[in-house]
Amino acid sequence: MIQQDNALSAAMTEKNHRKRALPDESPLVMNRHEVSEAGHRLNSSQQTMLFRLRTFVAQLFVFMVTAGLSTYGIREMYLVLNTNNITNLQIVFLVLFSINFLWVAFAFSQALLGFLLHLKPRLVKESEIDPSFKTAILLPIYNEDPLRIRATIEAMSADLIATAPGKYAFFILSDTNRANAWIAEEATFLALINKYQPECPVYYRRRHQNSERKAGNIGDWVQRWGGDYEAMIVLDADSIMSAKSMVTLSRRLAAAPGVGLIQTLPTLVFANTLYSRLQQFANQCFGPIYAAGLSAWHGLSSNFWGHNAIIRTRAFAEACHLPILPGKAPFGGHVLSHDFIEAALLRRAGWGVRFDTDIEASFEEAPPSLLDVMIRDRRWCQGNLQHSAFMFARGFSLPTRLHLLSGVMSYLSAIFWLALIMVGLAIAVQAAFIRPEYFANPSLFPTWPVFDSERALSLFVVSMAIVLAPKAFGWFAAMINIPRCLRFGGPILLTLSTLFEMVMSALYAPILMVSQFGVVLSIFRGKDSGWMPQSRDDGALSWIPVMRAHLGHTVFGVVLALTAMLLSKELFYWLLPITIGLMLSIPLSWLSGGARRTKWIKTIGLLRAPEEKKPVHILVELKANLAKMPHLQHMHPFSRLVNNPQLFTWHLAQLPDLDEQKPLFYAPRIIAEWKLEHAESLSQLESWLEPAEVIALLSKADYLQKLQTIGK
């Protein structure tokens, strides 16, 4: 067995410490909070009378439109069902319809507000002043492609050096737990570290214990280096922002000392598959309408989407150490969807949270395929359902509670919609096969099971108009803005793209509904989602895995369609918008991913987005950087280290100090130590080790010295 030499290791640590890719620590204290705590009022000096009035009018508008539409819809459905006497099954149908219609009306009211705001010029600009502080740019990564991260940082740092030298610093915060990805990161980022000192330094830190996932990753940075940076811009692995956008965020935060967070509206870019292009077009055409409405009624009680936002570091440290929920996963333990809760905790502590939709050149990428969205939904759904523990907790404002309810309902709505369909089908079955009891109640007059079909058709038309109106708002707002319309390809292509997006999203919607129904049920049954890295490729899959994923959806769609056909042709056609998507789920899912499969769409200009026709400078630079990135050769992490002495030395310098090492008894480390002692060659050792054992050897300096010896 290898004998640990503490003195030698300590000397090695001291020697390598100056080579670490990190600055000196400047800690901030983060005390963990409870679910229920006393709330604090917003600083009144941050809200002018005009701002308060504007927010109140927007909130009143959303409430009145939602209430008015909901009252109309629920009343009409009651009259549709209650032509004579309403049955128990019809009461269930009415309750489910009321929940769904209320949810749709709420979304429509926000879109209508945003549409009306888009029709007028923006008269009030947010205040800005030159900041006296430095801003950290945080990139939390988890088993990502390091070349993509490097290309992004090189593009943004060059832009920042030209715009605001010495004001920003990048921190790559790795939670990577795969050995290959870890050493590939170090090999890639080695050339970045200190390259831009001091105009825009780049630092790298990998956590050896990635507790609390992304929230813990950010929290670790705040508690170690947050004291030197008044603000932090948080990005995702696929995010990129221009220097102008980041400087604007810093200037606005400096001008609003009572604001703790400013969220931008990220624009989806670089879509090259059918599904990602559908999302990209919807994001750029319809998204600004929704966003304007949200921003107006949120006021200083807005939300956080986890990235492309600036946060006041001390406010975050003071308010955002997330509580640990009681019980086991999936509802207990660490909060998965941390962003909503961090915004809620900031607002509860008296800090304003703002959504500034006018900041441009803030970008991210979309999931490439339907299956990738379904996988992401599994994690998001669990995190959003956890928010139910906060909805009625003490200290939160009403807008915050509505944000949390919206997150929960974004997945529970699948339950309510599918339940509505099945109850409606049950009513049709009852009418077709069960003899009605005309005199079930003592009465001289029979009870006839009758529907008002004419009123039902009118209500259906109104419901579809409410669902589709936000898309029409986005189309119209783009059409009347001539420069923007031309960037979508002109009025004809814009109109065709809007119609195509409507049709395709209608086909994909029932697949997602049934998928989310299954996800919600699995979470209620106690299944934890885990933590998987997101897919960044084109999502192309062969037919077999696609069939395996969607066979249940197809069968369900066929059964639903056949049942409706047996009952009546009218019911079959009524359910066709739902059943056709389910029956075609396999080919639709296969088409959703893979850049080559729908290349013709891009060729003819369908679903064209403004950033494709005339991309901003930062996107051009990113693409150029990606094109010239050196290929990262596939190699075992041991071989990569041993064959690169500079990387080997740098890797040693990044390892934690002795007092941060794992406890003495750690089974993979002990087994790996034995294998290292008995291996005759590096290739033999590589073939012996399990993934956890590789990580164990890579994490200790004395093991690595032995590794270097047998590798010669």
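Residues numbered from 1 in each chain as written. Predicted model: local features only at pLDDT ≥ 70, side-chain atom pairs only at ≥ 80, totals over all residues. Heavy atoms only, no water.

**Q** How would you sum up the overall build of the protein chain? Please name residues and give values.
**A** A count of helical and extended segments in the protein chain gives 29 helices and 10 strands. When its C-alpha atoms are laid out on the principal axes, the protein chain stretches across 100 × 60 × 55 Å. Taking all 712 residues of the protein chain together, 53% fall into the buried category. Of note, the protein chain has its 65 positive side-chain charges centred 4 Å away from the centre of its 55 negative side-chain charges. (Helix = DSSP H or I, 4+ residues; strand = E, 2+ residues; numbered from the N terminus. Buried < 20%, exposed > 50% of the residue type's maximum accessible area, 1.4 Å probe, protein only. Lys, Arg positive; Asp, Glu negative; His and termini not counted. Charge placed at Lys NZ, Arg CZ, Asp CG, Glu CD.)

**Q** So what's going on with the pairing of strand β8 (residues 309–312)? Which residues, and what values?
**A** Burial along β8 is two-sided: Ala-309 and Ile-311 facing one way and Ile-310 and Arg-312 facing the other are all buried. With 4 bridges connecting them, strand β4 (residues 231–234) and β8 associate as antiparallel partners. Each residue of the ladder has a partner; that of Ala-231, found in β8, is Arg-312. (Pairing = 2+ DSSP bridges.)

**Q** Can you break down the nonpolar core residue by residue, with the values?
**A** Counting 77 residues, the largest nonpolar core has Ile-137, Phe-170, Ile-233, Phe-638, Leu-685 and Leu-698 as the members making the most contacts within it. For this core, the element with the highest residue contribution is helix α4 (residues 146–163), accounting for 7 residues. (Core = buried A, V, L, I, M, F, W, Y, C linked by side-chain atoms within 4.5 Å.)

**Q** I'd like to hear about a nonpolar patch on the surface, residue by residue, with values.
**A** Where nonpolar side chains cluster on the molecular surface, the patch consists of Leu-457, Phe-460, Val-461, Met-464, Val-467, Leu-468 and Trp-574 and spans about 610 Å² of accessible area. Here the nonpolar patch takes 6 residues from helix α15 (residues 453–479), the largest share from any one element. By relative accessible area, which is 36% here, Leu-468 ends up partly exposed. (Patch = residues over 30% accessible without salt bridge, like charges linked within 9 Å, V, L, I, M, F, W, Y side chains within 5 Å. Areas by Shrake-Rupley, 256 points an atom, 1.4 Å probe, with all protein chains shown as cover. Salt bridge = Lys/Arg side-chain N within 4 Å of Asp/Glu carboxyl O.)

**Q** Provide a residue-level description of the packing of helix α3 (residues 88–118) against helix α14 (residues 398–433), including the pertinent values.
**A** Two elements in contact, α3 and α14, have axes separated by 9 Å at closest approach and are oriented at 145 degrees. As for the relative orientation of α3 and α14, their crossing is left-handed in sense. Class assignment for the residues of the contact of α3 with α14 results in 17 nonpolar, 7 polar and no charged. (Axes fitted to C-alpha atoms, helices over the stretch in contact; angles between N-to-C directions. Left-handed = near helix turned anticlockwise from the far one by under 90°. Nonpolar A, V, L, I, M, F, W, Y, C, P; charged D, E, K, R; others polar.)

**Q** Can you explain the pattern of salt bridges? Please cite residues and give values.
**A** What the rule picks out here adds up to 24 salt bridges. Here Glu-128 ties to Arg-251 by a salt bridge, and the two come within 2.9 Å at their closest N and O atoms. Of the two residues, Glu-128 is situated in the loop between α3 and β1 (135–141) and Arg-251 in helix α7 (residues 243–255); the sequence distance between them amounts to 123 residues. The partner of Asp-356 in a salt bridge is Arg-252, and the shortest N-O contact between them spans 3.0 Å. Of this pair, Asp-356 sits in the loop between β9 (352–355) and β10 (362–364) while Arg-252 is found in helix α7, placing the two residues 104 residues apart along the sequence. Judged by relative accessible area, which is 3%, Arg-252 ranks as buried. When salt bridges with common partners are traced through the structure, they connect Glu-126, Glu-128, Asp-130, Arg-251, Arg-252, Arg-354, Asp-356 and Asp-358 into a single cluster.

**Q** Could you give me a rundown of helix α12 (residues 370–386), with the residues and numbers involved?
**A** Counted at 1.5 Å a residue, the expected span for α12 with its 17 residues is 24 Å, and the 24 Å between its end C-alpha atoms agrees. Bending of α12 peaks at approximately 25 degrees at the position of Asp-377. In terms of residue burial, α12 counts as a mostly covered element, since 15 of its 17 residues are buried. (Expected span 1.5 Å × (residues − 1). Bend = angle between axes of the 7 residues up to and from the residue.)

**Q** Give a detailed account of the sheet that holds β10, specifying residues and quantitative values.
**A** Spatially, 3 strands are ordered β5-β10-β7 in an open sheet, and the strand pairing comes out mixed. What marks the edges here is a single partner per strand, and that holds for β5 (240–241) and β7 (267–268).

**Q** Lay out the sheet that holds β8 in plain terms, naming residues and giving numbers.
**A** The sheet built from 7 strands is open, its strands ordered β3-β2-β1-β4-β8-β6-β9 with mixed pairing. Edge positions in the open sheet fall to β3 (202–206) and β9, since each of these has one partner strand only. Going from strand to strand, the sheet's axes swing by 20 degrees on average, the running direction of each strand aside. For strand β6 (residues 259–263) and β9, the ladder comprises 4 bridges, and the chain directions are parallel.

**Q** Residue-level account of the side chain of Gln-90, with values.
**A** Note that Gln-90 resides in helix α3. Polar side-chain contacts of Gln-90 include one of 2.9 Å to the backbone nitrogen of Thr-87. (Polar contact = N/O pair within 3.5 Å; in protein donor to acceptor, adjacent residues only side chain to side chain.)

**Q** Which residues make up the side chain of Arg-354, and what values do they have?
**A** By the secondary structure assignment, Arg-354 is in strand β9. In contact with Arg-354, other than residues within four places in its own chain, are Glu-126, Arg-252, Ala-256, Val-259, Leu-261, Ile-262, Gln-263, Gly-299, Leu-300 and Ser-302. (Contact = heavy atoms within 4.5 Å.)

**Q** Could you give an account of the packing of aromatic side chains, naming the residues involved and the relevant values?
**A** Following the criterion strictly, the structure yields 23 aromatic pairs and no others. With centroids separated by 6.1 Å and ring planes inclined at 40 degrees, the aromatic side chains of Phe-171 and Trp-225 adopt a geometry described as tilted. Taken together, the positions of Phe-171 in strand β2 (residues 168–174) and Trp-225 in helix α6 (residues 213–225) put the pair 54 residues apart, joining distant regions of the chain. For Phe-171, a relative accessible area of 1% translates into the label buried. Classification of Trp-225 as buried rests on a relative accessible area of 1%. What links up through ring pairs into an aromatic cluster is the set Phe-108, Phe-115, Phe-473, Trp-475 and Phe-476. Arg-206 extends its terminal NZ or CZ atom over the ring of Trp-182, reaching a point 3.7 Å from the ring centre. (Phe/Tyr/Trp six-rings, centres within 6.5 Å; stacked < 30°, edge-to-face > 60°. Lys NZ or Arg CZ within 6 Å of the ring centre and 35° of its normal.)

**Q** Account for the state of the cysteines, naming residues and giving values.
**A** In the structure shown here, the tally under the stated rule is 0 disulfides. You can see Cys-485 has no disulfide; the closest cysteine sulfur is in Cys-285, sitting 9.4 Å from it. Among the residues examined, Cys-485 registers a relative accessible area of 4% and is labelled buried. (Disulfide = S-S within 2.5 Å.)

**Q** An account of the environment of Leu-253 is requested, with residue identities and associated values reported.
**A** If you trace the backbone, Leu-253 turns up in helix α7. Residues contacting Leu-253, with those up to four places away along its chain left out, are Ala-231, Val-259, Gly-260, Ile-262, Ile-310, Ile-311 and Arg-312.

**Q** Report on the packing of α12 against α14, specifying residues and quantitative values.
**A** Across the interface, α12 lies against α14 with an axial gap of 8 Å and an inter-helix angle of 125 degrees. In terms of axis orientation, α12 runs oblique to α14. Here α12 and α14 pass one another in a crossing that is left-handed. Contacts between α12 and α14 involve Asp-377, Trp-380, Cys-381, Asn-384 and Leu-385 from the former and Gly-407, Val-408, Ser-410, Tyr-411 and Leu-412 from the latter. Considered class by class, the residues forming the contact of α12 with α14 number 6 nonpolar, 3 polar and 1 charged. (Parallel < 35°, antiparallel > 145°, perpendicular 65-115°, else oblique.)

**Q** Residue-level account of unusual backbone geometry, with values.
**A** Among all residues save glycine, negative phi is the norm, and among peptide bonds the norm is trans. The step from Ala-329 to Pro-330 runs through a cis peptide bond, and the omega angle for that step is 15 degrees. The topology assignment puts Pro-330 in the loop between α10 (313–319) and α11 (338–348). The residue Asn-308 is not glycine, and still its phi comes out positive at about 55 degrees. Its location among the elements puts Asn-308 in the loop between α9 (287–298) and β8. Among the residues examined, Asn-308 registers a relative accessible area of 0% and is labelled buried.

**Q** I'd like a rundown of the confidence of the model for the protein chain, residues and numbers included.
**A** Per-residue confidence for the protein chain gives a mean pLDDT of 90, with 92% of residues at or over 70. In this model residues 1–18 is a low-confidence stretch, pLDDT under 50, and it forms 23 contacts with partners more than four residues away in sequence or in other chains. (pLDDT = per-residue confidence, 0-100.)

**Q** Would you mind going over the environment of Cys-320 in detail, with residue names and values included?
**A** Tracing the backbone shows Cys-320 in the loop between α10 and α11. By relative accessible area, Cys-320 is classed as buried at 2%. C-alpha separation for the pair Cys-320 and Leu-405, spaced 85 residues apart in sequence, amounts to 20 Å. Sequence-distant contacts of Cys-320, that is, excluding residues within four places in its chain, are made with Met-30, His-33, Ala-315, Glu-342, Leu-345 and Leu-346.

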